[in-house]
Amino acid sequence: MSETHCYCIIGAGKTGVDACLWLLENGADPDSIRWIVPRDAWWINRSKVQFTQDLFETSFTYVADLLEAIGEAASINDLFLQFERRDLWLRLDRSITPTMFHGATMSKGELDKLRLIKDVVRRGHVQVIHRDRIVLEEGTISANDDWLYVDCTAAGIPPRKAKVIFEPEKITLQWVKWGRSALSAAVLGYVEATIDGDDLKNDLCQPISAPRTPADWVGTFITTTRNEKRWSSQQNLTKWARSLRLDVSASLASEVMPDDAGRMAILQRVRKASQTAVVSATRLLADL
């Protein structure tokens, strides 16, 4: 490892990844980078979730594969391994089981670049940084006082417990569809403007917290699916949601013509797999 130009990146989330990639793309020698990775993460394969007309087949095949994997999984851990086998999710090191998932995406090219960094420290979170050493939860490693430390440990979306959204004279904005902030806000605005009674509003809009672990993602999937099913019970809400450009995947699916056999077959896979996916996901969480 170079002792003259050393960068120490602290944190293994998206910000830490971006810092490592920026250094590599701007000419830093991979051997000049030390990367402290308290927890490994699962990453969504970015190439699979580009919901456009040109990439319709790729993106909706991703959805079908994901739902089928949920239906077939024997356990939570098996579920994410199935995601990996289907090329849906990625991880930095296949010998390490990730314990973190924040919903970020990664390309395979970025993953290849990150794997060039060999000085990856997996000894938990940093406790103290001295001139000549770094104290971590699981041991101490040597350091140098002329290194540049880049702190990437702040949470992009701070963890918060879900709470009731609609209360008298108060609305607490939260996701009602996982990962879709603008869409969720639009749905809450429509429900507030058109639905009477907080009890029904809250029944239609169960809150979703940002996932912190892979198992958390399963919970967000269940609640998202549950909310979408409840929206279908309200005719006006359903009609409005189908016209909403913020829900890109739903808009694309609604535009498929009946005589488009290829795309209709993919959507049929999605519909068929979705029937058992929620039941299976609920079982997986209960087993955990």
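Structure: above.
Remember, predicted model here, so these are calculated numbers, not experimental data.

Criteria and cut-off values
Residues numbered from 1 in each chain as written. Predicted model: local features only at pLDDT ≥ 70, side-chain atom pairs only at ≥ 80, totals over all residues. Heavy atoms only, no water. Helix = DSSP H or I, 4+ residues; strand = E, 2+ residues; numbered from the N terminus. Buried < 20%, exposed > 50% of the residue type's maximum accessible area, 1.4 Å probe, protein only. Lys, Arg positive; Asp, Glu negative; His and termini not counted. Charge placed at Lys NZ, Arg CZ, Asp CG, Glu CD. Pairing = 2+ DSSP bridges. Axes fitted to C-alpha atoms, helices over the stretch in contact; angles between N-to-C directions. Phe/Tyr/Trp six-rings, centres within 6.5 Å; stacked < 30°, edge-to-face > 60°. Salt bridge = Lys/Arg side-chain N within 4 Å of Asp/Glu carboxyl O. Right-handed = clockwise from strand over helix to strand, strands pointing away. Expected span 1.5 Å × (residues − 1). Arc of directions from axis to C-beta. Contact = heavy atoms within 4.5 Å.

**Structural notes on the overall build of the protein chain**
When its secondary structure is counted, the protein chain shows 10 helices and 12 strands. Considering only C-alpha atoms, the protein chain reaches an extent of 65 × 50 × 40 Å along its principal axes. Going through the 288 residues of the protein chain one by one, you find that 41% of them count as buried. Of note, the protein chain has its 36 positive side-chain charges centred 4 Å away from the centre of its 38 negative side-chain charges.

**Things to note about the sheet that holds strand E2 (residues 33-36)**
Strand pairing in a sheet takes place through backbone hydrogen bonds and is either antiparallel or parallel in direction. The strand order across the open sheet formed by 4 strands is E6-E2-E1-E10, and the pairing between neighbours is parallel. The strands lining the two open edges of the sheet, one partner per strand, are strand E6 (119-121) and strand E10 (148-151). Along the sheet, successive strands turn relative to each other by an average axial angle of 20°, direction set aside. The sheet contact formed by strand E1 (residues 7-10) and E10 spans 4 bridges and is parallel. Each residue of the ladder has a partner; that of Ile 9, found in E10, is Val 150.

**Some points on the sheet that holds strand E4 (residues 89-91)**
The 3 strands are arranged E4-E3-E5 in an open sheet whose pairing can be described as mixed. A single partner strand is all that each edge strand has here, and the edge strands are E4 and strand E5 (105-106). Relative to E5, strand E3 (residues 42-45) runs parallel, the two sharing 2 bridges. Across the sheet, Ile 44 pairs through a bridge with Thr 105, a residue of E5.

**Comments concerning the packing of aromatic side chains**
Two aromatic rings, taken as a pair, are described by how far apart their centres are and by the angle between their planes. Per the stated rule, a full pass over the model turns up 14 aromatic pairs. Ring centres 5.4 Å apart and planes at 85° place the aromatic pair Phe 51 and Phe 60 in the edge-to-face group. On the basis of relative accessibility, which here comes to 6%, the residue Phe 60 falls in the buried class. For the ring pair Trp 147 and Tyr 149, a centre distance of 6.4 Å and an interplane angle of 45° mean the geometry is tilted. On the basis of relative accessible area, Tyr 149 is assigned to the partly exposed category, the value being 26%. One aromatic cluster is present, formed by Trp 42, Phe 80, Phe 83, Trp 89, Phe 101, Trp 178, Trp 217 and Phe 221 through successive ring pairs.

**Let's talk about the pattern of salt bridges**
Counted under the stated rule, the structure contains 27 salt bridges. Of the charged contacts in the structure, one is a salt bridge between Lys 177 and Glu 228, with a shortest N-O distance of 2.8 Å. Remark: Glu 228 occurs in helix H7 (residues 214-231) and Lys 177 occurs in the loop between strand E12 (170-171) and helix H5 (181-194); sequence separation between them is 51 residues. Overall, the relative accessible area of 10% leaves Lys 177 in the buried class. Classification of Glu 228 by relative accessible area gives partly exposed; the value is 31%. Among the charged side chains, a network of salt bridges with common partners joins Asp 65, Glu 68, Glu 72, Arg 86 and Arg 269.

**With respect to the pairing of E2**
Residues Ile 33 and Trp 35 point to one face of E2 and Arg 34 and Ile 36 to the other, with burial holding for every one of them. Two elements, E1 and E2, share 4 bridges in a ladder whose sense is parallel. Within E2, the residue paired with Cys 8 across the bridge is Arg 34. You can see the chain leave E1, run along helix H1 (residues 14-25) and come back into E2, and the turn it takes is right-handed. In the sheet, E2 pairs with E6 via 3 bridges, with the strands oriented parallel. If you follow Trp 35 over to E6, its bridge partner there is Val 120.

**Here we look at H5**
With 14 residues, H5 should reach 20 Å at 1.5 Å per residue; the first-to-last C-alpha distance of 20 Å fits that figure. Looking at H5, one finds that the buried residues are Leu 183, Ser 184, Val 187, Leu 188, Tyr 190 and Val 191. When H5 is viewed along its axis, its buried side chains cluster within an angular range of 165° and face the same direction. On its buried face, H5 sits against strand E11 (166-167), helix H6 (198-204), H7 and helix H8 (235-242).

**Quick word on H1**
An α-helix turns once per 3.6 residues; consequently, residues spaced three or four apart project the same way. Given a rise of 1.5 Å per residue, 12 residues ought to cover 16 Å, and the 16 Å separating the end C-alpha atoms of H1 matches this to within 8%. Within H1, burial applies to Gly 16, Val 17, Ala 19, Cys 20, Leu 21, Leu 23 and Leu 24. For H1, the secondary structure elements touched by its buried residues are E1, E2, E3, E5, helix H4 (108-114) and E10. Remark: Gly 27 follows H1 within two positions and exhibits a positive phi of approximately 95°.

Limitation: the analysis is restricted to geometry and does not speak to function.
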